[in-house]
Structures are given as C-alpha cells and as structure tokens.
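Observations on the three-dimensional arrangement
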Amino acid sequence: MRLLMLSGDEQVAAGERGPFYALLEEFREHFEAIDVLVTCGGPDRKDVEPFEGVRFHVGPKARFGRVRWLADKGAKLAKAYGHGLVVSHDYGLCHNGKAAAKIASRTGLPWVSELHHVPGHPVAATLSERMEFWLAKRFVSWATPRVRAFRVVNSKEMPALLGGWGVPSEKVAVLSSLYLDLEVFSPPTEPVEHEHDLVFVGRLVSNKGLDLIVNALRVLRDAGRPQRALIVGRGPLRGWLDKELERTGLGRYTRILEWVDGPEDLADLYRSSRLLVCASSSEGGPRVPLEAMACGTPVISTPVGVMPEVLEDGRAGELFDFSVAALARKMGEILPQEAKRAAMGAAGPEIAAGFERSAQIQRYAEGLKALAGGAR
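What counts, and at which threshold
- Residues numbered from 1 in each chain as written.
- Predicted model: local features only at pLDDT ≥ 70, side-chain atom pairs only at ≥ 80, totals over all residues.
- Heavy atoms only, no water.
- Helix = DSSP H or I, 4+ residues; strand = E, 2+ residues; numbered from the N terminus.
- Rg over C-alpha atoms; globule rule 2.2 N^0.38 Å.
- Contact = heavy atoms within 4.5 Å.
- Areas by Shrake-Rupley, 256 points an atom, 1.4 Å probe, with all protein chains shown as cover.
- Lys, Arg positive; Asp, Glu negative; His and termini not counted.
- Charge placed at Lys NZ, Arg CZ, Asp CG, Glu CD.
- Axes fitted to C-alpha atoms, helices over the stretch in contact; angles between N-to-C directions.
- Buried < 20%, exposed > 50% of the residue type's maximum accessible area, 1.4 Å probe, protein only.
- Arc of directions from axis to C-beta.
- Patch = residues over 30% accessible without salt bridge, like charges linked within 9 Å, V, L, I, M, F, W, Y side chains within 5 Å.
- Salt bridge = Lys/Arg side-chain N within 4 Å of Asp/Glu carboxyl O.

**Looking at the overall build of the protein**
Within the protein, the regular secondary structure consists of 13 helices and 14 strands. For a compact globule of 376 residues, the expected C-alpha radius of gyration is about 21 Å, and the protein comes in at 21 Å, within 12% of that figure. Projecting the C-alpha coordinates of the protein onto the three principal axes gives extents of approximately 65 × 45 × 40 Å. Across the protein, the fraction of contacts at a sequence separation of at least 24, relative to all contacts at a separation of at least 6, is 71%. If you sum the accessible surface of the protein, you get close to 16700 Å²; carbon and sulfur atoms cover 49% of it. Taken as two groups, the 48 positive and 47 negative side-chain charges of the protein have centres that lie 8 Å from each other.

As structure tokens, this is what we get:
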C-alpha cells in the first residue's frame, strides 16, 4: 500500500534528523512508498527524499492558502499513484486535517486523523492552551462524520476525552507512538556513579511544568535537603529559568544542558541520574519517561498520556497530582530510600520492553493498513 501523510514536522524537510526521521527510516519498510506533504518552504525550497521510497513534497509556508495547497497537491498525488490511505497529523488550527478531508472527498481515500494529545488536557498551563483545547474540540466535532478513525497514542486519556466529545468508540484507534531503541536505552551493565539526584529532559515550554520542578526543589532545599538537578533542553522559558534559579539560590545545585549529541549520550545522562521528573500538564506519550525507565531510572510523573498506564502499580515510579507539595513529597520519599529507588529502577526495563521500536512500528503500520481496509 502507498501512504499519503500530511505533517507539520519541518525537521526532515530542513535536513535535520528528529523523531519523525527516525520513525520513517523503519516505517518505510512496511509500505510500497510514503509521500509526505509539509508546508515549510520558501520559493527556493525543494522536495526532499531522505530515504528510498519516502518523499517530502514541500509547499510554501504561507499564512493563507495552506489548506488549498495541501488539498490540491494531495489529491493530485493520490490520483496519480493510487494511495490507500491519507493520514493527517493534527494540532492547532488543524490545517492538515482540513486538507485531508478535502483529499478524501475528491478521491474517495479513507482518512485517518492523528491526535497525539490535546493541549490543555488534562490541565491547561496557559490561556493559549485553553484556546487550543476549544479548537481541538470543534475540529473533532467537525471531523467525526468524515474521518475513518482518530489515531490516539494512549489507551485511557485520549479515548476517554474523545468519547466525552461524542466520538464513537469504533472511530478511535489506539496505536502507540513510543518507539524505543532498547539497544541504546538499556540499564547499566555495571555500577554507575549518580552525578544527579534528578533529571528533567524536554523543551523549556509552558506545558512541561518547569515551575513545579523549581518550586519543589526549593521546598526540599528549604527543608535542608537540597538535590542536585540536571535540566536538559532549550526553549523560550530558558530566560525565566535562569532568573528563577538565581532568585531562589538553586543555581548552585542545578546544571543546565541545552543539547546532547545523540541518543547514546542521552541514555548515559538517564543512567547517571537517580530519578527522572515529568511534570507536564499535557502530553501524548511522553517518550522521555519511558526512555529513562528503559535505562533503569525510576520516574515521578503527572498523570498525563500513557503515564497512568505504566506507573499505575507503582513498580517503576509514582504519579503526582500537578501540585508542588505532591512533587516535593514524592521526591522526598523516594530519593532517601535507596533500596526502594533501586527496586523501582530495576522494574523499569521490563515495562519499557513493551514499547520496543520495531514491534511498535510494525503495529502502527499494520493498524493503518487495517483502517485503510475498513477494520479497526
């Protein structure tokens, strides 16, 4: 089957190797060919073929006319090559989904909309996220009678949300987006020295809960229990973070690393940390906590995305309720108890094994093929 995808991922078209690039490298083996439409180019931007059988068709990043270009280009390709399915990656104003619906209408192709998460759910971090939540609800209501299915990437949070919005259960397809390379993300083979008490990895943006982490560290420091923290990431909140660490005096205990060269280096950072914290207010996966668990590092997380499913029994980590007090309490309970912390770390790789890269990518491909044929 030939697959048509409408994506907002600009990295591959710009020659960068991000998560979508890593997925496509193996995903392509399950299809005759994959055509990806992305609007991120200027007048000189050319199409890109990162792998044999995968072609990025790059359109203009115009404020207006984006849906028209995607719909016209997608319909032209579908009629020329006979794709079996059109898939849209939907977020924000959902230009991809609106264009995919037009392609489906013109060509008769079945359409699958991918909603990895909805900003503002379960908690809105900003007014902007409240607006995005409202836009997503309107889009889902409009798309439901038109779409073959919504692909979601966790089995509790998103199906419950879409069900509450009136989406029939037969139009919700759960296909994970966590593809872990367990040869890279694996527990240490010999004892390691823990350089950091806790680590955060992610974009420095509002939904990642950086304020919760900083304030929880302050609570523990004020109680005479300072923790060595590592923050890995970059983003618009870097300036705020620097000022908060200076204002609270936590800078002396905190290291910031904007970037790592590759997944092997990231895995080493997980192994060198006694605990990973995910304080996000909304997520699809998230991927980082599962990578840490695969490396034998226990996790404290808010109940977002797939985390209630993997931490519900408390074996590899614990959940907290979006509050500073709860996060500080969890950190204060786990970090001093080395036997408990080590037992959680030992349980992580077993849970992470369920997200092995090749098996998950195969399930995703087979799931899309089944949806193209009309099956759930």
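Past the structure itself, the notes keep going.
**Description of the packing of helix α9 (residues 287–294) against helix α12 (residues 338–352)**
Closest axis-to-axis distance for the α9/α12 pair is 7 Å, and the angle between their directions is 115°. Residues L290, M293 and A294 of α9 touch α12, and the partners they reach there are G345, G348, P349, I351 and A352.

**Structural notes on helix α7 (residues 238–248)**
If you check which residues of α7 are buried, you get L241, E244, L245 and T248. One side of α7 holds all its buried residues, which, seen down the axis, span an arc of 95°. What points out from α7, more than 90 degrees from its buried face, is the exposed set K243, E246 and R247. In this structure, the buried residues of α7 make contact with α6 (210–222), β10 (229–232) and β11 (254–257). Count one or two residues on from α7 and you reach G249, which has phi positive near 80°.

**Quick word on a negative patch on the surface**
On the surface, a cluster of negative charge is contributed by D181, E183, D261, E264 and D265. Its place among the elements puts D265 in helix α8 (residues 263–271). Classification of D265 as partly exposed rests on a relative accessible area of 36%.

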